[in-house]
There are 2 protein chains.
Amino acid sequence: MHCNTNDLTLLKDSLSISDPMGDLLEGNSFSEIHEALAKASRILIVSHARPDGDALGSTLAAAMWLQNEGHVITAWNEDGLPEKFSYLPGASLLGKPTEQVEYFDAVLVLDTASKNRLGETLLARARAPLWVAIDHHVSNEQFTECNWIEPRAPATGQMLAAGFLMQGIPITPEMATNLYVAIATDTGSFQYHKTSAQTFEIVAKLIRAGVNVGQISQEIYASQPRRRFELFKHALVHTQFSADNRIASTSLSRTQAIALGISPEDTEGIIDTLRSIKEVLVAAFFEELPDGRIRLSLRSKNHSLDASAFCQYYGGGGHDMAAGASIAGSLEFVQTNVLERLAKVLNITLTSY
Amino acid sequence: MHCNTNDLTLLKDSLSISDPMGDLLEGNSFSEIHEALAKASRILIVSHARPDGDALGSTLAAAMWLQNEGHVITAWNEDGLPEKFSYLPGASLLGKPTEQVEYFDAVLVLDTASKNRLGETLLARARAPLWVAIDHHVSNEQFTECNWIEPRAPATGQMLAAGFLMQGIPITPEMATNLYVAIATDTGSFQYHKTSAQTFEIVAKLIRAGVNVGQISQEIYASQPRRRFELFKHALVHTQFSADNRIASTSLSRTQAIALGISPEDTEGIIDTLRSIKEVLVAAFFEELPDGRIRLSLRSKNHSLDASAFCQYYGGGGHDMAAGASIAGSLEFVQTNVLERLAKVLNITLTSY
């Protein structure tokens with residue numbers, strides 16, 4: 001399947017909201033993705049394992065969009081729908097990969113930088129002649145036939161919303177709410193540096209399409225299970241400062257996670273509390289996974305560290321200010337090793353100015 | 001001074017952004033306030049004591065606006081500028097009340113519901129024949145000659161921004177940044193229920209006027225002093241749950257505050273962490289003040305408690321979901337008393353449905 005990119009200029013000229021991302025479109029465009037999917041009858045929509053708000057909100061909004069256009073939609077995630085996102089409209093549309101191999105006319109991959117992030121089971125079960133992708137990760141490996149990739153977009157949900165608005169695709173309140181959650185969560189509540197005037201313009205349109213901001217904010221931010229509060233307390237009590245307070249790190253062993261009754265999804269956001277300390281340039285969170293590996297989550301500020309490059313060293317990836325990796329070794333070994341390397345990289349960066 | 005309200009309809013018809021607050025204007029309008037101030041040469045701008053981001057951002061933006069229009073501006077706050085807001089553009093414009101009584105042609109009161117919230121010293125030093133007010137508190141006592149009050153606006157900063165946009169008043173990057181901080185902080189980073197499509201539309205215009213979202217977010221959210229992290233930890237460790245986990249509360253004694261090196265401004269936001277727990281309907285924070293009184297901060301959700309009404313019982317006030325009071329008595333006495341009354345009020349509300 002060839003995705004023609006010659007009509008990019010034409011598309012950009014016809015945009016009612018000038019350029020939805022404030023920069024040149026890369027690879028294919030939304031209209032090309034739309035066109036490519038138009039001929040597909042059965043479409044599978046997928047996003048990365050251990051899904052966040054952007055992965056899930058984008059998946060559900062896209063599912064509703066394509067369903068409304070008459071396609072037969074299946075939506076899978078390797079890990080299914082985390083409990084804390086059960087409030088998303090149409091949440092029941094999302095399932096886990098089936099036991100048998102399934103055949104589709106096309107697969108739409110959302111918010112996923114590399115094929116293996118989709119998960120082994122999902123990749124083993126999904127078959128289709130056409131794979132297309134919409135993503136905002138700078139590290140996207142362009143592993144599908146069609147790719148619309150916008151590293152400047154703060155969320156895949158914003159790209160979808162911009163695409164819908166550009167093409168006059170009707171946005172139902174349910175679609176708007178899913179897109180809102182995608183954008184709100186991936187911008188850290190409209191705080192991260194990729195949040196732009198266009199983000200606010202697009203979100204204003206989503207609210208006018210039917211998002212109840214107070215209600216959905218309460219679902220996103222004020223419905224934490226009690227165990228997450230206990231985990232938070234645990235994380236703060238166990239926080240360590242190193243490299244002249246420029247690194248803050250905390251950890252969670254498997255034993256502690258079990259004692260606190262922690263689900264994998266519960267640990268999200270803890271690292272941002274460490275990052276919010278003035279002197280801290282880099283925050284790290286080490287979590288022992290059920291398979292014995294250690295998940296490293298990394299946040300940086302001030303461009304003092306390229307978190308994505310740092311994590312790629314361990315086979316991970318992400319964004320320049322937020323990245324992660326899964327590392328083999330004991331919690332103590334990985335923690336010591338990563339913190340030492342972090343201190344070294346930070347020293348090089350800071351002395352090179 | 002009489003503020004004519006007859007041209008309200010005319011004003012609303014001429015709005016380029018239809019109605020900036022999504023509802024009828026109450027009292028006077030921005031153009032009337034503008035007109036009333038036009039004849040004043042020396043203008044004092046003030047807002048409530050213990051100022052938050054909305055009070056300070058609105059004060060500084062208004063100071064720049066009126067300075068640009070040729071007025072001689074003085075900006076006071078009873079407590080001056082808290083250290084954590086020192087990043088605000090033009091922060092040096094804000095001072096404390098002088099030692100002697102000062103005479104002005106007009107006083108512009110921002111974001112302040114009642115006269116006594118301005119502070120004793122400030123009230124004793126400021127003299128002017130005309131007082132005008134712009135505010136979004138539902139509890140505003142309309143204590144000035146002219147009042148533009150919009151209880152539906154999520155921030156006084158949003159009202160100012162809407163006024164500037166309506167009247168074509170140039171918004172410099174410095175004004176935009178102050179207004180952005182006002183709106184971002186008073187909406188809890190665009191989460192509280194009064195955040196509307198217009199909030200997002202107005203903020204988009206502020207960003208286009210020169211706000212650097214990533215940079216200012218880092219100042220607001222990622223520049224917490226280390227002592228605030230320690231306070232946070234302290235607050236979580238000392239959190240108590242009562243009334244079947246529907247109330248979460250924590251406290252800070254004077255001795256603990258001194259041990260942690262806490263400034264009054266450091267305690268802001270702690271209560272939101274308690275409020276974010278799913279089962280919790282009401283969060284309370286008790287802080288022993290230097291004068292021996294206890295400051296109660298209260299947050300509710302789901303309209304299960306009118307926080308403003310509850311705090312008015314103790315001589316305080318605020319908004320329906322966020323209010324406070326300063327109460328005489330020992331920390332333990334006040335805590336016990338308030339928690340008991342809270343449980344009672346909650347029971348009445350919950351059983352009346």
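For the structure itself, look to the data block above.
Everything quoted here is computed from the prediction, not taken from an experiment. (Residues numbered from 1 in each chain as written. Chains lettered and ligands numbered in written order. Predicted model: local features only at pLDDT ≥ 70, side-chain atom pairs only at ≥ 80, totals over all residues. Heavy atoms only, no water.)

Residue and element names in this part refer to chain B. Using the criterion set out here, one finds 20 salt bridges over all chains in the structure. With its nearest N and O atoms 3.1 Å apart, the salt bridge here joins Glu-230 to Arg-226. Residue Glu-230 and its partner Arg-226 are both found in helix 9 (residues 226-237); the two are separated by four residues, about one turn of the helix. Taking the shortest distance from any N to any O, the salt bridge between Lys-233 and Glu-230 comes out at 3.2 Å. Separated by three residues within a single helix, Lys-233 and Glu-230 lie in helix 9, roughly one turn from each other. (Salt bridge = Lys/Arg side-chain N within 4 Å of Asp/Glu carboxyl O. Helix = DSSP H or I, 4+ residues; strand = E, 2+ residues; numbered from the N terminus.)

Time to look at the nonpolar core. Formed by 118 residues in total, the largest nonpolar core has its most connected members in Trp-65 and Leu-108 of chain A together with Trp-65 and Leu-108 of chain B. The contacts of Leu-108 of chain A, once residues within four sequence positions are left out, are Ile-33, Leu-37, Ile-43, Leu-44, Ile-45, Val-46, Ala-62, Trp-65, Leu-66, Val-132 and Ile-134 of chain A. Of all hydrophobic cores here, the second largest spans 32 residues; its members include Ala-248 and Ala-257 of chain A together with Ala-248 and Val-280 of chain B. (Core = buried A, V, L, I, M, F, W, Y, C linked by side-chain atoms within 4.5 Å. Buried < 20%, exposed > 50% of the residue type's maximum accessible area, 1.4 Å probe, protein only. Contact = heavy atoms within 4.5 Å.)

What follows is about the interface of chain B and chain A. Across the boundary between the two partners, chain B contributes 43 residues, which contact 43 residues of chain A. A combined buried area of about 3,700 Å² lies between chain B and chain A, and 62% of that area is made up of carbon and sulfur atoms. A salt bridge links Glu-201 of chain B to Arg-208 of chain A, with the shortest nitrogen-to-oxygen separation between them at 2.9 Å. Counting the contacts that link chain B with chain A gives 19 residue pairs in polar contact (both at pLDDT 80 or more). Elements supplying a minimum of two residues to the side of chain B that touches chain A: helix 7 (197-208), helix 8 (213-221), helix 9 and helix 11 (270-275) of chain B. Sorting elements by how many residues they give to the side of chain B that touches chain A places helix 7 of chain B first, with eight residues. (Buried area = accessible area lost by both parts, 1.4 Å probe. Polar contact = N/O pair within 3.5 Å; in protein donor to acceptor, adjacent residues only side chain to side chain.)

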